[in-house]
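Structure at a glance
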Amino acid sequence: MIEKNQGNREFTLPVRVYIEDTDAGGIVYYVNYLKFMERARTEFLRTLGYQHYALADENFQFVVHSAHVQYRQPARIDDALTVSATLKKMGKATLVFDQQVRKAGALICQADIKVACVRADTLKPAAIPTALYKKFSAASKGEGLHG
């Protein structure tokens, strides 16, 4: 189930840790937190009525520009996690998300992820399409997400 927290504009996605997400010790491999966050951003976009493939058909795509990640506690196989994506800052061609991974309410991983909009054919920066920009703007105010 995908949800939007009405109080603080936070989009959340539940994620279960599977064996494929872990290392030999049964702890989530560090890069997989970024995969969980990618899923949350993708579902966030979907709630705005957009899908990555449709944007690519319009010659746009989003790419990660940078990530600042802090790992606080490990997650383990079979843990139920909540991954959030909150739009923190918008530019003409960029979005910055505050993303968190929580286990039983405790913060275990946090990241600021900067995403850039680029033209799919050249991979050069491009302005976020106006209609989508407006939806992101509304979502940043706690409006327009359905889940």
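For the structure, see preceding data.
First things first, this report covers the structure right here in the doc. Small disclaimer: the values here were computed from a predicted structure and weren't measured. Here the residue index of a chain counts from 1 through its sequence in written order. The predicted origin of the model limits local features to residues at a pLDDT of at least 70 and limits the giving and counting of side-chain atom pairs to 80 or more, whereas totals for whole chains, interfaces and linings rest on all residues. Excluded from the side-chain calculation are hydrogens and water; included are all heavy atoms of the structure.

**Quick word on the overall build of the protein chain**
Of the regular secondary structure elements, the protein chain holds 3 helices and 6 strands. Helix and strand definitions follow DSSP, with helices as H or I runs of at least four residues and strands as E runs of at least two, each counted in order from the N terminus. For the protein chain, the N- to C-terminal ordering of α and β elements is β-β-α-α-β-β-β-β-α. Referenced to the eigenvectors of the C-alpha coordinate spread, the extents of the protein chain come out at roughly 45 × 35 × 25 Å. Partly exposed residues are those whose accessible area sits between 20% and 50% of the maximum for their type, while under 20% is buried and over 50% is exposed, using a 1.4 Å probe and protein chains only. A buried classification covers 44% of the 147 residues belonging to the protein chain. For the protein chain, the share of sequence-separated contacts (at least 6 apart) that also reach a separation of at least 24 residues comes to 66%. Calculation of accessible area relied on Shrake-Rupley with a 1.4 Å probe; when residues are assessed, cover is drawn exclusively from the protein chains displayed. Within the structure as shown, the protein chain displays about 8,100 Å² of accessible surface, and the carbon and sulfur contribution to it stands at 52%. Whether two residues are in contact is decided by their heavy atoms, any of which lying within 4.5 Å being enough.

**Quick word on the packing of aromatic side chains**
The rule is short: rings of Phe, Tyr and Trp, with Trp giving its six-membered ring, pair when the centres are within 6.5 Å, and they are stacked under 30 degrees, edge-to-face over 60, tilted in between. Within the structure shown, the criterion is met by 8 aromatic pairs. Consider the rings of Tyr 29 and Tyr 30, whose centres lie 4.9 Å apart with planes at 55 degrees: the pair is tilted. Classification of Tyr 30 by relative accessible area gives partly exposed; the value is 48%. Taken together, Phe 11, Phe 44, Phe 62, Phe 97 and Phe 136 form an aromatic cluster joined through their ring pairs.

**Quick word on the environment of Asp 98**
Tracing the backbone through its elements, the reader meets Asp 98 in strand 5 (residues 94-103). Assessed through its relative accessible area of 19%, Asp 98 is described here as buried. As for Asp 98 and Lys 114, which are separated by 16 residues in sequence, their C-alpha atoms are 9.0 Å apart. Discounting chain neighbours no more than four positions away, the residues touching Asp 98 are Ser 84, Ala 85, Thr 86, Lys 88, Gln 110, Ala 111 and Asp 112.

**A look at helix 3 (residues 130-140)**
Regarding helix 3, the residues found buried are Leu 132, Phe 136, Ser 137, Ala 139 and Ser 140. Relative to the axis of helix 3, the buried residues are bounded by an arc of 160 degrees and lie together on one face. In this structure, helix 3 carries Thr 130 and Lys 134 as exposed residues pointing more than 90 degrees from its buried face. Packed against the buried residues of helix 3 are helix 1 (30-47), helix 2 (52-57), strand 3 (60-71), strand 4 (80-90) and strand 5. As used here, the arc belongs to the directions running from the helix axis to the C-beta atoms.

**Some remarks on the pattern of salt bridges**
Salt bridges are defined as contacts in which a side-chain nitrogen from Lys or Arg sits within 4 Å of a carboxyl oxygen from Asp or Glu. Inspection of the entire model under this criterion finds 5 salt bridges. In this structure, Asp 79 engages Lys 103 in a salt bridge whose closest nitrogen and oxygen atoms are separated by 3.4 Å. Of this pair, Asp 79 sits in the loop between strand 3 and strand 4 while Lys 103 sits in strand 5, placing them 24 residues apart in sequence. Owing to a relative accessible area of 22%, Lys 103 belongs among the partly exposed residues under this scheme.

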